[in-house]
Amino acid sequence: MTKSQNQMWGGRFTAGPDAIMEAINASIEFDQRIASQDIQGSRAHAAMLGAVGIISDSDSNAIREGLLTILSEIETGNFPFQVALEDIHMNIESRLKDLIGEPAGRLHTGRSRNDQVATDFKLWVRDQMDAAIKGIEALMNALLQQAKAGADWVMPGFTHLQTAQPVTWGHHMMAYVEMLARDKSRFEDARRRMNESPLGAAALAGTSFPIDREMTANALGFDRPSANSLDAVSDRDFALEFLGVASICAMHLSRLSEELVIWSSSQFQFVSLSDRFSTGSSIMPQKKNPDAAELIRAKIGRIFGANVALMMVMKGLPLAYSKDMQEDKEQVFDAADSLMLALAAMTGMISDMTANRENLRAAATSGFSTATDLADWLVRALGMPFREAHHVTGSLVAMAETQGCDLRDLTLEQMQSVHQAITRAVFEVLTVENSVASRRSYGGTAPEQVWMQIARWEEFLS
């Protein structure tokens, strides 16, 4: 390590680290991902230093122009990253000195790498939250289009993956819209909470320089500066909240992936996935595998793992900054990449997916799916207590099962052998179309309710 590189640590150190220490200490291989945020924060800091007279206008301008040159070098792949300079902050500062000389040394006035990295990382996570919100909205729109195409298509609704009651395809699609809307809301809520600027908190105690933290907060799009310098440099709640919200969203994507895997199987044939999101087999020519859905289902584990990993990093740390916190980024980077890829892939699959209306309806008519409608009819038409109606319906299901037929295929006489008060009107509730149409309660599966929810979400997303 050269003398100038040693000086990045200041006069306290007379010798550079050995190779092992350099390897464990350096973060440039991954934290270069926050380069644009680092430059954004440094330019805001330099502008403030000049505005309040801590450095001259000429130095402030030189620093900001030099940083733009560095940003261009990074974006075009021409920046000389050096592991010996540890991290993105020192790499940029060293290059700035090469470009503009002495004024580069004035950039770090009134700040520390502690508040600098907290600011950079927060800006990066905020960008990821914005991207995730847009990705969720795109998927919600794709699901809305599927719901509109089959708002009144009948399919089986399941509990325990056993046929329960008929529902509509549109209703099922809208269930995921509701789930994703909560994810969107959580990201928006977390974004509001994180939007305080750490810049100016310095190492841990603030600074004696007359800085203007409101100015830098406004320049960086924050709502306000953070109110406690110790907390500002110690805080990684924003990253943990991102991972927590991403984990819930990822869980929803995994559940949808599982349904797509089941629905696209030859046993179900509820949907066909496009060739763009399927693969074949190296040995079985008939296979069309839902690999995109399966890979989304697997990648979710990386997001869950990142959430736990950062919790483990933070759980035992005293205030304020500890070097452990250098381990805060890689898992967040990976989780953000996995989430955005999963959202994009799911949006593509849903947009290209074709639902098989005939197979959906055929499946809806099996498994005694209208048994609850029969019980409800017994209550409404005969004034029977529900528990008795449940028992009578169970007896009729057992009879139909013995006969090898569905409830609607039993004769009136067979039904009256179980309960003599049953009339021919019972058959009106035993069709799957009448079953779904009758579920008109708010949030129910009736097509009129589905259309109302579609209209509500289309207006919201527009």
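Residues numbered from 1 in each chain as written. Predicted model: local features only at pLDDT ≥ 70, side-chain atom pairs only at ≥ 80, totals over all residues. Heavy atoms only, no water.

(A) A look at the overall build of the protein chain. Per the secondary structure count, the protein chain includes 19 helices and 6 strands. By the compact-globule yardstick of 23 Å for 462 residues, the protein chain is too spread out, its C-alpha radius of gyration being 31 Å. Seen through its C-alpha atoms, the protein chain measures out along the principal axes to roughly 100 × 50 × 40 Å. Counting across all 462 residues of the protein chain, residues that qualify as buried make up 49%. Intrachain contacts of the protein chain at a sequence separation of at least 6 include 74% that bridge at least 24 residues. Approximately 21400 Å² of the protein chain is accessible, and the part contributed by carbon and sulfur atoms is 52%. For the protein chain, the distance from the average position of its 42 positive side-chain charges to the average position of its 58 negative side-chain charges is 1 Å. (Helix = DSSP H or I, 4+ residues; strand = E, 2+ residues; numbered from the N terminus. Rg over C-alpha atoms; globule rule 2.2 N^0.38 Å. Buried < 20%, exposed > 50% of the residue type's maximum accessible area, 1.4 Å probe, protein only. Contact = heavy atoms within 4.5 Å. Areas by Shrake-Rupley, 256 points an atom, 1.4 Å probe, with all protein chains shown as cover. Lys, Arg positive; Asp, Glu negative; His and termini not counted. Charge placed at Lys NZ, Arg CZ, Asp CG, Glu CD.)

(B) Up close: the pairing of strand S2 (residues 162-168). The pairing of strand S1 (residues 154-159) with S2 spans 6 bridges and is classified as antiparallel. By the bridge assignment for S2, Pro156 is matched with Pro166. Linking S1 back to S2 in an antiparallel pair, the connection comprises 2 residues, with His160 at a positive phi of about 60 degrees. (Pairing = 2+ DSSP bridges.)

(C) Fine view of helix H19 (residues 447-461). When the terminal C-alpha atoms of H19 are compared, their 21 Å separation across 15 residues agrees well with the 21 Å that a helix rising 1.5 Å per residue should span. Three or more residues of H19 are buried, namely Gln449, Val450, Gln453, Ile454, Trp457 and Leu461. For H19, the arc enclosing every buried residue in end-on projection is 140 degrees, short of the 170-degree limit, so these residues lie on one face. Taken together, the buried residues of H19 touch helix H7 (113-149), S2 and helix H8 (169-194). (Expected span 1.5 Å × (residues − 1). Arc of directions from axis to C-beta.)

(D) Looking closely at the packing of helix H11 (residues 237-263) against helix H12 (residues 291-314). Between H11 and H12, whose axes approach to 8 Å, the crossing angle comes to 160 degrees. With respect to H12, the element H11 is oriented roughly antiparallel. Here H11 and H12 pass one another in a crossing that is left-handed. In the contact of H11 with H12, the residues fall into 18 nonpolar, 5 polar and 3 charged. (Axes fitted to C-alpha atoms, helices over the stretch in contact; angles between N-to-C directions. Parallel < 35°, antiparallel > 145°, perpendicular 65-115°, else oblique. Left-handed = near helix turned anticlockwise from the far one by under 90°. Nonpolar A, V, L, I, M, F, W, Y, C, P; charged D, E, K, R; others polar.)

(E) Looking closely at a negative patch on the surface. On the surface, Glu29, Asp324, Glu327 and Glu330 cluster together to form a negatively charged patch. The residue Glu330 is located in helix H13 (residues 330-352) in this model. Look at Glu330 and you get partly exposed, because its relative accessible area is 39%. (Patch = residues over 30% accessible without salt bridge, like charges linked within 9 Å, V, L, I, M, F, W, Y side chains within 5 Å. Salt bridge = Lys/Arg side-chain N within 4 Å of Asp/Glu carboxyl O.)

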